[in-house]
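Secondary and tertiary structure notes
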Amino acid sequence: MQTSIPTPKLLFFLRTIATSATGSYSTQSAASERGFLTLLHSCNTFSNLLQLQTQILKLGFHNNPLILTKFIAKSSDLNSIHYAHCFLFSPHSNTDFYDAFLFNTIIKAYAQSGDLKLKALWVFKLMLECQVLPNNFTYPFVLKACAGIGDLNLGKSVHGSLLKFGFDGNNHVLNTLVHMYCSCKGGIEIGRKLFDEMPKNDSVPWSAMIGGYVRLGRSNDAVDLFRKMQIQGVCPDEITMVAVLCACTDLGALELGRWVESLIEKRKLNKSVELNNALIDMFAKCGDVDKALKLFRTMNERSIVSWTSVIVGLAMHGRGLQAVSLFQEMIRDGVEPDGVVFIGLLSACSHSGFVGEGKEFFDLMKKEFAILPKIEHYGCMVDMLCRAGHVREAVEFVQKMPIEPNSIIWRTLVNACRTHSELKLGESLAKQLIQNEPTLEANYVLLSNIYAKMSHWEEKTKAREVMDKKGMRKIPGSTMIELNNKIYRFVAGDMSHNQFKEIFEMVDEMGREMKRAGYVPSTSEVMLDIDEEDKEDNLNRHSEKLAIAFALMNTPPGTPIRIVKNLRVCNDCHSATKFISKIYNREIIARDRSRFHHFKDGLCSCKDFW
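Residues numbered from 1 in each chain as written. Predicted model: local features only at pLDDT ≥ 70, side-chain atom pairs only at ≥ 80, totals over all residues. Heavy atoms only, no water.

The name recorded for the protein chain in an unreviewed UniProt entry is DYW domain-containing protein, from Gossypium mustelinum. Heading Sequence similarities (unreviewed entry) of the UniProt record for the protein chain holds this comment: "Belongs to the PPR family. PCMP-H subfamily." (UniProt positions renumbered as here; feature names shortened; annotations may be inferred.)

Focus: the overall build of the protein chain
Helix and strand counts for the protein chain stand at 31 helices and 6 strands. Taking the intrachain contacts of the protein chain between residues at least 6 apart in sequence as the baseline, contacts between residues at least 24 apart amount to 64%. Only carbon and sulfur atoms are counted for the fraction: they give 53% of the accessible area of the protein chain, which is about 29,300 Å². (Helix = DSSP H or I, 4+ residues; strand = E, 2+ residues; numbered from the N terminus. Contact = heavy atoms within 4.5 Å. Areas by Shrake-Rupley, 256 points an atom, 1.4 Å probe, with all protein chains shown as cover.)

Some details on the confidence of the model for the protein chain
When pLDDT is averaged along the protein chain, the result is 87, and 91% of the positions lie at 70 or above. pLDDT under 50 marks residues 1-26. Its contacts with residues more than four places away, or in other chains, come to 41 contacts. Here residues 526-537 is a poorly scored stretch, pLDDT under 50, and it has 20 contacts once near neighbours within four places are set aside; other chains count. (pLDDT = per-residue confidence, 0-100.)

With respect to the environment of Leu295
Within the secondary structure, Leu295 is located in helix α17 (residues 289-298). Classification of Leu295 as buried rests on a relative accessible area of 7%. Sequence separation of Leu295 and Asn276 is 19 residues, and the distance between their C-alpha atoms is 7.6 Å. Leu295 has contacts with Glu261, Lys271, Leu279, Ile280 and Phe283, leaving out every residue within four places of it along the chain. (Buried < 20%, exposed > 50% of the residue type's maximum accessible area, 1.4 Å probe, protein only.)

Overview of the pairing of strand β1 (residues 478-483)
Among the 6 residues in β1, 6 count as buried, and that is most of the element. Of the two faces of β1, the one carrying Ser478, Met480 and Glu482 and the one carrying Thr479, Ile481 and Leu483 are both buried. Where β1 and strand β2 (residues 486-491) come together, 6 bridges link them in antiparallel fashion. From the neighbouring strand, Ser478 faces β2, where its bridge partner is Val491. If you look at the hairpin formed by β1 and β2, you'll find 2 residues sitting between the two strands, and Asn484 has a positive phi there, around 50°. (Pairing = 2+ DSSP bridges.)

Notes on the environment of Leu225
For Leu225, the location among the structural elements is in helix α13 (residues 219-231). In this structure, the C-alpha to C-alpha distance between Leu225 and Met209, residues 16 residues apart in sequence, is 8.3 Å. Discounting residues that sit within four places of it in the chain, Leu225 has contacts with Arg192, Phe195, Trp206, Met209, Ile210 and Tyr213.

Considering the sheet that holds strand β3 (residues 561-565)
The strand order β2-β1-β3-β4-β5-β6 describes an open sheet built from 6 strands, whose pairing is mixed. Strands at the two margins of the open sheet, each flanked by one partner only, are β2 and β6 (603-604).

Points about the packing of helix α21 (residues 355-367) against helix α22 (residues 375-387)
Their axes nearest at 10 Å, the elements α21 and α22 cross at an angle of 165°. Comparing their axes, α22 and α21 come out roughly antiparallel. At the point where α21 passes α22, the crossing takes the left-handed sense. The residues of α22 that touch α21, namely those facing Val355, Gly358, Lys359, Phe362 and Met365, are His377, Tyr378, Met381, Met384 and Leu385. Considering only residue class, the contact of α21 with α22 consists of 7 nonpolar, 2 polar and 1 charged. (Axes fitted to C-alpha atoms, helices over the stretch in contact; angles between N-to-C directions. Parallel < 35°, antiparallel > 145°, perpendicular 65-115°, else oblique. Left-handed = near helix turned anticlockwise from the far one by under 90°. Nonpolar A, V, L, I, M, F, W, Y, C, P; charged D, E, K, R; others polar.)

Notes on the side chain of Lys200
Position of Lys200 among the secondary structure elements: in the loop between α11 (188-197) and α12 (203-215). Despite its burial, Lys200 remains without a salt bridge, the nearest opposite charge being carried by Asp196 at 5.2 Å. For Lys200, the side chain forms a polar contact with the main-chain oxygen of Asp196, separated by 3.3 Å. Polar side-chain contacts of Lys200 include one of 3.1 Å to the backbone oxygen of Met198. Those residues in contact with Lys200 that sit more than four places away from it in its chain are Phe195, Pro205, Trp206 and Val234. (Lys, Arg positive; Asp, Glu negative; His and termini not counted. Salt bridge = Lys/Arg side-chain N within 4 Å of Asp/Glu carboxyl O. Polar contact = N/O pair within 3.5 Å; in protein donor to acceptor, adjacent residues only side chain to side chain.)

Thoughts on the side chain of Ser352
Here Ser352 lies in helix α20 (residues 339-352). Judged by relative accessible area, Ser352 falls into the buried class, the value being 15%.

Some words on a nonpolar patch on the surface
A cluster of nonpolar side chains, namely Leu128, Leu133 and Phe165, defines an oily patch on the protein surface of about 260 Å² accessible area. As for its placement among the helices and strands, Phe165 is situated in the loop between α9 (152-164) and α10 (171-183). (Patch = residues over 30% accessible without salt bridge, like charges linked within 9 Å, V, L, I, M, F, W, Y side chains within 5 Å.)

Quick look at the environment of Leu121
Within the secondary structure, Leu121 sits in helix α7 (residues 117-129). Separated by 130 residues in the primary sequence, Leu121 and Leu251 place their C-alpha atoms 37 Å from one another. Apart from the residues lying within four places of it in its own chain, the contact partners of Leu121 are Val142, Ala145, Cys146, Ile149, Leu154 and Val158.

Some points on the packing of aromatic side chains
Tallied over the full model, the rule gives 21 aromatic pairs. Judged by centre distance (5.3 Å) and plane angle (65°), the ring pair of Phe327 and Phe342 falls under edge-to-face. Placement of Phe327 in helix α19 (residues 320-332) and of Phe342 in helix α20 is noted, with a sequence separation of 15 residues between them. Taking the relative accessible area as the measure of exposure, Phe342 reaches 0% and is therefore buried. Judged by centre distance (6.1 Å) and plane angle (80°), the rings of Phe500 and Phe504 are edge-to-face. You can see Phe500 and its partner Phe504 sitting in helix α28 (residues 500-516), 4 residues apart, about one turn around the helix. Owing to a relative accessible area of 22%, Phe500 belongs among the partly exposed residues under this scheme. The ring of Phe195 has Lys200 lying over it, and the distance from NZ or CZ to the ring centre is 4.9 Å. If you follow Arg302 out to its NZ or CZ, it ends over the ring of Trp307, 5.4 Å from the centre. (Phe/Tyr/Trp six-rings, centres within 6.5 Å; stacked < 30°, edge-to-face > 60°. Lys NZ or Arg CZ within 6 Å of the ring centre and 35° of its normal.)

Thoughts on the pairing of strand β4 (residues 588-591)
Two faces, one strand: in a regular strand the side chains alternate between the faces of the sheet. Neither face of β4 is open: one carries Ile588 and Ala590, the other Ile589 and Arg591, and all of them are buried. Bridge count for β3 against β4 is 4 bridges, and the pairing is parallel. Among the inter-strand pairings, Ile563 is bridged to a residue of β4, identified as Ala590. Tracing the backbone out of β3, into helix α31 (residues 571-583) and back to the parallel element β4 gives a crossover that is right-handed. Judged from the 4 bridges that link them, β4 and strand β5 (residues 596-600) form a sheet pairing that is antiparallel. Note on β5: the bridge partner recorded for Arg591 is Phe596. Linkage of β4 to β5, two consecutive antiparallel strands, is achieved through a turn of 4 residues. (Right-handed = clockwise from strand over helix to strand, strands pointing away.)

Laid out in C-alpha cells, this is it:
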C-alpha cells in the first residue's frame, strides 16, 4: 500500500518542477510533466491533492489535458470527484483544451459513484456542448450511469444520441445498452429485442440479459436463456455463472444448481470469492445447507458475505446453534461483523426459538460493536417474539422503538395475533394498517383473515368487497417443484397440468391415508363461510399438497421431495406434510418465504417455530 508523501519532500519536488517548467516548451518541460505525473501517481491523501492542484495552476498545467485527466482519476480514487469537478468546470476554466479522454474519465468516475450518477449525464451534456466528440469508451460509461439511475426515458435519449454518432455497431456499446435497458423499469423487452438482433459470440451480452431477467425476478426466463446459450456453444464466464446461480436460488432449483457447479468445474472457471459466495448462497437457499457449509470450509479467501451467507443459510434451516457457533468462530478469527451479519444471527434465534439469546445478541450489537440497529434488526426482534408466542411483549417492544415501525413490522404483529388468537388486538392493528396504507392489498387480506378466524363472515365479505372496488387482488399461493430438470408450478385447485386428474386422485388417497393415521384437518385455515366437508376439500387443493402428490407419482419411492412456496406455509399443510412424510417414508424439504421445513418420520425441523 502506498504511503502519504511527506510534505517537505513534496514541496521539494514541486519546486524542482517549477524551476524546470519556466521558458518555452522543451525537453525540460516534458521532464517537468513526467515528474508531476509521478507525484500524482504517488498522491494518496486529500491534503496532498490540494497542494498538487495549486501547483497545476502555478505551473500552467491547467491547459494540459493529460495532467488534468490524471488529476481527475486520482481525485476519484480519493473519493473527491466532486472537488475535481468544481476545479475543472469553474467559471474561469478554459474547456477549449479538454478532450474526450478527459471527459470520459470524469463521466466514468460519476458513473461508478453511489449517488452521483446523474452528474455523469450532466458532464456528457457539457461534453457535447463543448463540441468534443464522444468515442467508443464514452457511451459505455454514460449507459452505466443510466442503468444506475433506472430512468427509461433518459436511457432512450442516450440511445438516440449513440445512433446519431454511429456507435450502434460497436459490440461493447451494444452490450452496455442491453444492460441499461434491463436495469430500467419497463425496458426489459427492448433489451431483449436488441439482444436478439446483435452478435452474441461471447458471454458478455448473454450475461447482461440473464442478469437483467434475474434482477426482475424472471428467473425461469434467465434459466431458459442460459440453456439457449449452451445450445449455441457460447462459453459462460464467472459473471454469467453468478447470475445463473442467483436464478437457481430464486427458483429453489437444487439439481440445476448442482449442474451449474459441475459446469464451473468442467470449464475450469476461476472460482473467485464472488462465485463461491453465489454457490454457497444457492446451496443454502435450495435446501443443501451442509454442502454450503462444506464449500465455505474449502475457501482460501472469505469475505464478510461468505460468513453471512452461511449464517443466514443455517438460520433458514432452523439450525440456530450452528449459526451462533459460526458467528462466535467469526469473531475469534478477527472478522468484524456488520449489520447484515446480525440480521442473520437474529433470524437464527427467531427460527430456533432462542428468545433469550436473541435479546443478548441485540444488546451485544449495540454495546460491543457500536452498530446502530436499523429497522431490519427491530423487525427480527419482533418476529422472534411473535414466533415464540410473546405477542403482547412484541407490541410493547414496538411501542418503545426509537424509530418509527414500518408496515412489515405491523403486519408481522397482525399475523401473530391471528396465529395466537389475539384476534381483537389483530383487528385493531389491521384497521390501523389500512388507514396508513389504503392502497395495499395485503392489509385488507390480513383484516379479512382475522374476521374469518373470528367467524365474522359479514365483516370479512365487506373487506373483500372493498378490495374488489379498488381493483385489488390477493397474491395467489403457489408452489414450485423441480423434476427432471424442469420447473413445475402449482396453484390452489390447479387444473392446468396434463396430469391433473391423476394428481387429484393422489391427493384424495393422501387424505384417506392421513385420516387413518390420525390427521385432523385444520378447517379454521379456510377463510370461507362453507360447511366442514367443503372446507376439507378446499384444504386438499392447496398448492403444496398438489405439488407433493405430483412428486409422489413421478419419483422413485424413498427419494426426497423438495418444494418451494411463495407464501408462508399454513398450519394445516404443515400438519399434513408431517403425516405424509411418515406414511410415504419420504423426506420433504419445503422452503416458504421465510425458512426451510425438513419433514421426516412425522416430524418437522422447525419444532413449530415457523
